[in-house]
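Structure at a glance
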Amino acid sequence: MFWQNPFGAQDPSALPDTDSPVHLAIHDAALLIQNALFLPLIVLPFSIFTHNPNHELYLLSGSNIVSISRQVFLFFYAFVLFALLGIVLFVGSFAFFPPQGFALGVFATLLVMIAWFVLTRSNRYTSTHGSEFNGESWLFVNGVITDRGWLELNCELLAKLFGRKIVGIHNRTFGPVFDLLECIIQRDFGYTTDDVRDLYAATKNELLDKKNKRVVLIAHSQGGIIASMVVDRLLATLGEGLLKKLEVYTFGSAANHMHGGHVLKRIEHFANERDFFARSGVLAYHPLARNKYDGKLYIDLKNSGHLLNMHYLDREIAEHAMNRQYLDQNNLNMFAAGRPAAGSQMATYLFGGGGILPPPPR
C-alpha cells in the first residue's frame, strides 16, 4: 500500500543536483554500493508459475523470453568486456594471443550486428488499447532493461488501466550494466541522449497543440531521469500558460531532482521501499534540505520489485471498471479506494476517469 512519504529526517550529507558532476558521481557510486543488497530484489517478488500475460516475466510469452534472453546476454557481455579490459590494463596488450584476439573480434562483430538490429528499430510505439480523449495526450518513457517488447507491454497495460491511448518513447536498453552507467552519466553529467531529445520534442509538440488541454507524462525508472531533464528544458523554453497543461507521474524513479512544482499542473511519484533504483533515486533525494524535488511522494513500505507491470501497476487487473474513481485494493493496491494514496490525481484517471479529485474526508 502506498503512503505519503513518512521519512521526516533530511540527510545533510546529500548533494543537490546542482553540485559538481564529479562530486555527484562519487556520491552516487557510494549510494549504489550502500543499496547493493537491494539489487537482486528488482525482479522480486516473482513466481515462475505466474499466469498473468501482463507480467514482464510471464514465461509463456515468446516475446518475454526474447527480452529476458537479450538482457542475460548483454549482462554477460558486459562482464566479459570489463574482464578483457582489465587484462589489457593490468597485464598488457601482449596477453592477447592470436586465437583469443580472433575469437574476441568475432564476438564483437556478432554483438555489433545484433545491437544494430535491435537498436535501430522505431523509437516510438502507440498502444492498440485505449481511446483518444478530446483535449488529452498521454506519453510514456520506459526505464532500464526495457527493450521494444517490454515497452509495448508497458504501454498496453497503461492503456488498459487508464482507458487512454499511450504513446511510448523508447529509452533503448544496452543491458543492465550499461543502463546503470548511462543513468549515472545522464543524471550527474546532464548528458542528453537521443531519448531525452525525442521525449522533449514530443512533449513540447503536444503542449503547443492548441487542441490539448492536458498533457500527461508517465515515466518509469531511468525514465524518471529523462523526464526530469525534459521538464528542465521545458521550463526554460515554454511559458507558464503552456506548462500548466503538463502533469508528470513517475514510478520507481531514478532521478535526483524534479523541478516545476510551482508551474506544472501536477507531479506525483510512486516508489516501492525496497526498489534498488527508487532507493538510489527518488527515495534518496526527496525531500532533502538542499535539493529541489517537487511532487507528492507515495511509498509502498512493504513491497520490493522494480518492473513496471509486475511490481507497480498490476495486481491481477480486472477487465471491467469496478469503480470509476479507484480500483479495488485486490487489483491495484496503490489506488485503492479510501486508502492513503486516494488523494492521487493519477488515481482519478483509472478506467477512463475524468481526473476530478473527490473532496477530502471530513
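Reading the values: rules and limits
- Residues numbered from 1 in each chain as written.
- Predicted model: local features only at pLDDT ≥ 70, side-chain atom pairs only at ≥ 80, totals over all residues.
- Heavy atoms only, no water.
- Helix = DSSP H or I, 4+ residues; strand = E, 2+ residues; numbered from the N terminus.
- Contact = heavy atoms within 4.5 Å.
- Areas by Shrake-Rupley, 256 points an atom, 1.4 Å probe, with all protein chains shown as cover.
- Core = buried A, V, L, I, M, F, W, Y, C linked by side-chain atoms within 4.5 Å.
- Buried < 20%, exposed > 50% of the residue type's maximum accessible area, 1.4 Å probe, protein only.
- Polar contact = N/O pair within 3.5 Å; in protein donor to acceptor, adjacent residues only side chain to side chain.
- Expected span 1.5 Å × (residues − 1).
- Arc of directions from axis to C-beta.
- Patch = residues over 30% accessible without salt bridge, like charges linked within 9 Å, V, L, I, M, F, W, Y side chains within 5 Å.
- Salt bridge = Lys/Arg side-chain N within 4 Å of Asp/Glu carboxyl O.
- Phe/Tyr/Trp six-rings, centres within 6.5 Å; stacked < 30°, edge-to-face > 60°.
- Lys NZ or Arg CZ within 6 Å of the ring centre and 35° of its normal.
- Pairing = 2+ DSSP bridges.
- Right-handed = clockwise from strand over helix to strand, strands pointing away.

Topic: the overall build of the protein
Across its full length, the protein carries 11 helices and 8 strands. Here the analysis covers contacts within the protein between residues at least 6 apart in sequence; of these, 75% occur between residues at least 24 apart. A total of about 16,800 Å² of accessible surface is found on the protein, and carbon and sulfur atoms cover 65% of it.

Considering the nonpolar core
Core analysis: the largest hydrophobic core is formed by 76 residues, its most contacted members being F140, F162, I218, L234, L246, V248 and F251. In terms of residues, this core owes the most to one element, helix α4 (residues 148-162), which gives 9 residues. When sequence neighbours within four positions are dropped, the list of residues in contact with V248 reads L217, V231, M258, L264, R266, I267 and E268.

Observations regarding the side chain of S253
With respect to the secondary-structure elements, S253 resides in the loop between β6 (246-251) and β7 (266-272). With a relative accessible area of 1%, S253 lands in the buried category. Among the polar contacts listed, one links the side chain of S253 to the backbone nitrogen of A255, at a separation of 3.1 Å. With near-sequence residues (within four places) excluded, S253 lies in contact with S221, G224, F277, A278, G281, V282 and Y293.

Focus: helix α1 (residues 21-34)
The periodicity of an α-helix, 3.6 residues per turn, causes residues three or four positions apart to be oriented the same way. The terminal C-alpha atoms of α1 lie 20 Å apart, and with 14 residues this matches the ideal 20 Å at 1.5 Å per residue to within 8%. Within α1, burial applies to L24, A25, D28, L31 and L32. Each buried residue of α1 sits inside an arc of 125 degrees when the element is viewed along its axis, so together they form one side. Away from its buried face, by an angle of more than 90 degrees, α1 presents the exposed residues I26, I33 and Q34.

Considering a nonpolar patch on the surface
On the surface, V43, L44, F46, I48, L59 and I65 cluster together into a nonpolar patch covering about 450 Å² of accessible area. Tracing the backbone through its elements, the reader meets L59 in the loop between α1 and α2 (62-90).

So, the environment of T18
On the secondary structure map, T18 appears in the loop between β1 (2-4) and α1. The spatial distance from the C-alpha of T18 to the C-alpha of K292 is 9.6 Å, given a sequence separation of 274 residues.

Topic: the packing of aromatic side chains
Aromatic rings considered in pairs are described by the distance between their centres and by the relative angle of their planes. Evaluated as defined, the whole model comprises 7 aromatic pairs. Ring geometry for W138 versus F162: centroids 5.5 Å apart, planes at 35 degrees, classification tilted. With W138 in strand β3 (residues 136-141) and F162 in helix α4, this residue pair connects regions lying 24 residues apart in the sequence. Residue W138 shares its accessibility class with F162, and that shared class is buried. Judged by centre distance (5.2 Å) and plane angle (15 degrees), the ring pair of F270 and Y298 falls under stacked. Of this pair, F270 sits in strand β7 while Y298 sits in strand β8 (residues 296-300), and the two are 28 residues apart along the sequence. The exposure class of F270 is buried, given its relative accessible area of 0%. One aromatic cluster in this structure is built from F251, F270, Y298 and Y312. Lying over the aromatic face of F133, R164 brings its terminal NZ or CZ to 4.1 Å of the ring centre. Seen from the ring of F38, R279 lies directly overhead, with NZ or CZ sitting 4.0 Å from the centre.

Considering α4
Given a rise of 1.5 Å per residue, 15 residues ought to cover 21 Å, and the 21 Å separating the end C-alpha atoms of α4 matches this to within 8%. At the exit of α4 stands G163, carrying a positive phi of roughly 70 degrees.

Overview of the side chain of S344
Tracing the backbone shows S344 in the segment after α11 (308-313). According to the relative accessible area criterion, S344 is buried, its value standing at 0%. A distance of 3.1 Å separates the side chain of S344 from the backbone nitrogen of M346, its partner in a polar contact.

Some details on the pairing of β3
Across the 6 residues of β3, 6 count as buried, placing the element largely inside the fold. Residues E136, W138 and F140 line one face of β3 and the alternating positions S137, L139 and V141 line the opposite face, and both faces are buried. Relative to strand β4 (residues 167-169), β3 is paired through 3 bridges, and the arrangement is parallel. Counted as the bridge partner of F140 is G168 from β4. A crossover links β3 with its parallel partner β4, the connecting element being α4, and its sense is right-handed.

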